[in-house]
Amino acid sequence: MIPTQIQTWQMSEPGKLARTSIPVPVLKADEALVEVKGCGVCHTDISYYYMGVPTEQKPPLTLGHEISGVVVAGPANLVGKEVIVPAVMPCNNCDICRSGRSNRCLGQKMPGNSLGIYGGFASHIPVPAADLCVVGDRRGMPLEWASVIADAVTTPYQAALRGRVQAGDRVIVIGAAGGVGSFMTQIAKAMGAGTVIGIDVNDDKLKMMEKYGADVTLNPKGKGVKEIRDAVKACARERNITHNWGWKIFEVTGTKAGQELALALVSFVGTLVVVGYGTDQTQYMLSRLMAFDAEIIGTWGCPPKYYAEVLRMCIEGKIALEPFVEVRPMSRIEYAFDEAHHGRHKKRVILTPDF
Ligand SMILES: [Zn+2]
Ligand SMILES: [Zn+2]
């Protein structure tokens, strides 16, 4: 069914949502129209909506960039297929793309930010067809759940690749129980890490992570950096592994405290992968990196070509989605935004169109 109108919750201006309808545009040859089945609520949406982070497309626009759905119009080989829409879609035609770093293509399009006025909190969305991830046999996994693979699961996967996670690795995840961090923890373990230490300020969620990839958990609340370092050391001793070299640290919180802790934990031939985003300045004696022969790596999004592998890991249960997601009606979007803004979500919320 190809509609003439798209039902949507538009951000008319930051802090304001309006339920409205917009015409379905005439599709170009390389575009597809996706009927949205689920769209994840991401912290990025919240930062556009409440915190003054500007979207590339000025409002009014529809937010939402974690989308799964069904292709209802476009290339014949895709019509009727269930798909995940990548959160960032590269141009596939520039030097960065050709260099293999397409996830940071400067011409990339992101639904709910730079894909014109279109985003995932809508009944339908027109998208570039080239990089859609076809779902195939999902073995009973609800299609809505697959929406969070775009971003919340693929971003940490790419971070793990950037950190070259391999069998036996010693890993620390800061923000290990959060919306992205919980998947970072699971993925590090699924990729063979020998020891994963999960650090997070939320005790309940952290406890749960012990079932999903964290070998050891640590709440830094009320502890100084030295105390935390000592705790890591004690954990290493207990597990009979080395404490002072080769650790791979994934900073997912983007907070000043998290980043400062991450930097303090960097040691000999260590790796720090910066996954979270925040705007605070952090001080660090860069010569320590030189002395440690260590590295700091930034990571952004995930190339669409890896989506199929991440999807496979989810379908096969190597990455658990069910305990970490919650499906709600899209008509309750304002409530969901408010709750996310106040940090009241226990799980990643997926909105499913009901209008
Ligand atoms: Zn996001
Ligand atoms: Zn490009």
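The following paragraphs examine the structure supplied in this document. For clarity, every value in this text was computed on a predicted model and none was experimentally measured.

**Concerning the coordination of the zinc ion (ligand 1)**
Point 1. In the first shell of the zinc ion (ligand 1), the protein supplies Cys42 (SG), His65 (NE2) and Asp151 (OD), at 1.7 to 2.1 Å from the metal.
Point 2. Of note, the zinc ion (ligand 1) draws all its donor residues from one chain, in the sequence arrangement C-x22-H-x85-D. Of this pair, histidine 65 sits in the loop between β4 (61-62) and β5 (66-73) while aspartate 151 sits in the loop between β8 (133-134) and α3 (154-162), placing them 86 residues apart in sequence.
Point 3. Overall, histidine 65 belongs to the buried group, its relative accessible area being 1%.

**Here's the deal with the coordination of the zinc ion (ligand 2)**
Point 1. Summarising the metal site, the zinc ion (ligand 2) is bound by the protein donors Cys91 (SG), Cys94 (SG), Cys97 (SG) and Cys105 (SG), whose distances to it range over 2.3 to 2.4 Å.
Point 2. Note that the zinc ion (ligand 2) binds 4 donor atoms; their angles at the metal cover 102 to 117 degrees, and the shape is tetrahedral.
Point 3. When the donors of the zinc ion (ligand 2) are listed by position in the chain, the intervening gaps give C-x2-C-x2-C-x7-C.
Point 4. Since its relative accessible area comes to 12%, cysteine 97 is described here as buried.

**Quick word on the sheet that holds strand β2 (residues 16-23)**
Point 1. With antiparallel pairing, the 3 strands of this open sheet are ordered in space as β2-β1-β4. Single-partner strands in this sheet number two, and they are β2 and β4.
Point 2. Pairing geometry for strand β1 (residues 5-13) and β2, over 8 bridges, is antiparallel. Bridge assignment links glutamate 13 to a residue of β2, and that residue is lysine 16.

**Considering a nonpolar patch on the surface**
Point 1. Where nonpolar side chains cluster on the molecular surface, the patch consists of Trp245, Phe268 and Val269 and spans about 300 Å² of accessible area.
Point 2. Structurally, tryptophan 245 is set in the loop between α6 (225-239) and β12 (248-251).

**Examining the sheet that holds strand β11 (residues 216-218)**
Point 1. Pairing is parallel across the open sheet formed by 6 strands, whose spatial order is β11-β10-β9-β12-β13-β14. Both edges of this open sheet fall to β11 and β14 (295-298), since each of them pairs with a single strand only. Averaged over all neighbouring strand pairs, the angle between strand axes comes to 20 degrees, with direction disregarded.
Point 2. Alignment of strand β9 (residues 170-174) against strand β10 (residues 195-199), held across 5 bridges, turns out to be parallel. Its bridge partner lying in β10, isoleucine 172 is registered against isoleucine 197.

**Considering the packing of helix α1 (residues 43-50) against helix α10 (residues 333-341)**
Point 1. Their axes nearest at 10 Å, the elements α1 and α10 cross at an angle of 95 degrees. Here α10 runs roughly perpendicular to α1, going by the angle between their axes. Mapping the contact onto sequence places Asp45, Ile46, Tyr49 and Tyr50 in α1 and Phe337, Asp338, Ala340 and His341 in α10.

**Points about the packing of aromatic side chains**
Point 1. Summed over all chains, the structure comprises 7 aromatic pairs.
Point 2. Both rings, one in tyrosine 49 and one in tyrosine 50, keep their centres 4.8 Å apart while their planes meet at 85 degrees; by these two values the pair is edge-to-face.
Point 3. Relative accessible area serves as the criterion here: at 30%, tyrosine 50 is assigned to the partly exposed category.
Point 4. Ring geometry for tyrosine 49 and phenylalanine 337: centres 5.1 Å apart, planes at 75 degrees, overall edge-to-face. One end of the pair, tyrosine 49, is in helix α1; the other, phenylalanine 337, is in helix α10, and 288 residues separate them in sequence. Summarising the burial analysis for this pair, tyrosine 49 and phenylalanine 337 share the class buried.
Point 5. An aromatic cluster of at least three residues, connected via ring pairs, comprises Tyr49, Tyr50, Phe121 and Phe337.
Point 6. In this arrangement the basic side chain of arginine 104 is found over the ring face of tryptophan 300, its NZ or CZ atom lying 4.0 Å from the centre.
Point 7. Between the NZ or CZ atom of arginine 332 and the centre of the ring of tyrosine 335, over which it lies, the distance is 4.6 Å.

**Brief notes about α6**
Point 1. Between its terminal C-alpha atoms α6 stretches 21 Å, which fits the 21 Å expected from 15 residues at 1.5 Å a residue.
Point 2. Burial in α6 covers these residues: Ile228, Val232, Cys235 and Ala236. Mapping the buried residues of α6 onto a view down its axis gives an arc of 100 degrees, with all of them on the same face. Residues of α6 that are exposed and angled more than 90 degrees away from the buried face: Lys226, Arg237 and Glu238.
Point 3. Of the surrounding elements, those touching the buried residues of α6 are β9, β10, β11 and α7 (256-265).
Point 4. A positive phi of about 60 degrees marks asparagine 240, the residue just after α6.

Calculation rules
Residues numbered from 1 in each chain as written. Chains lettered and ligands numbered in written order. Predicted model: local features only at pLDDT ≥ 70, side-chain atom pairs only at ≥ 80, totals over all residues. Heavy atoms only, no water. Donors = N, O, S within 2.8 Å, 3.2 Å for Na, K, Ca; no water. Helix = DSSP H or I, 4+ residues; strand = E, 2+ residues; numbered from the N terminus. Buried < 20%, exposed > 50% of the residue type's maximum accessible area, 1.4 Å probe, protein only. Tetrahedral: all angles 85-135°; square planar, octahedral: opposite > 155°, others 65-115°. Pairing = 2+ DSSP bridges. Patch = residues over 30% accessible without salt bridge, like charges linked within 9 Å, V, L, I, M, F, W, Y side chains within 5 Å. Areas by Shrake-Rupley, 256 points an atom, 1.4 Å probe, with all protein chains shown as cover. Salt bridge = Lys/Arg side-chain N within 4 Å of Asp/Glu carboxyl O. Axes fitted to C-alpha atoms, helices over the stretch in contact; angles between N-to-C directions. Parallel < 35°, antiparallel > 145°, perpendicular 65-115°, else oblique. Contact = heavy atoms within 4.5 Å. Phe/Tyr/Trp six-rings, centres within 6.5 Å; stacked < 30°, edge-to-face > 60°. Lys NZ or Arg CZ within 6 Å of the ring centre and 35° of its normal. Expected span 1.5 Å × (residues − 1). Arc of directions from axis to C-beta.

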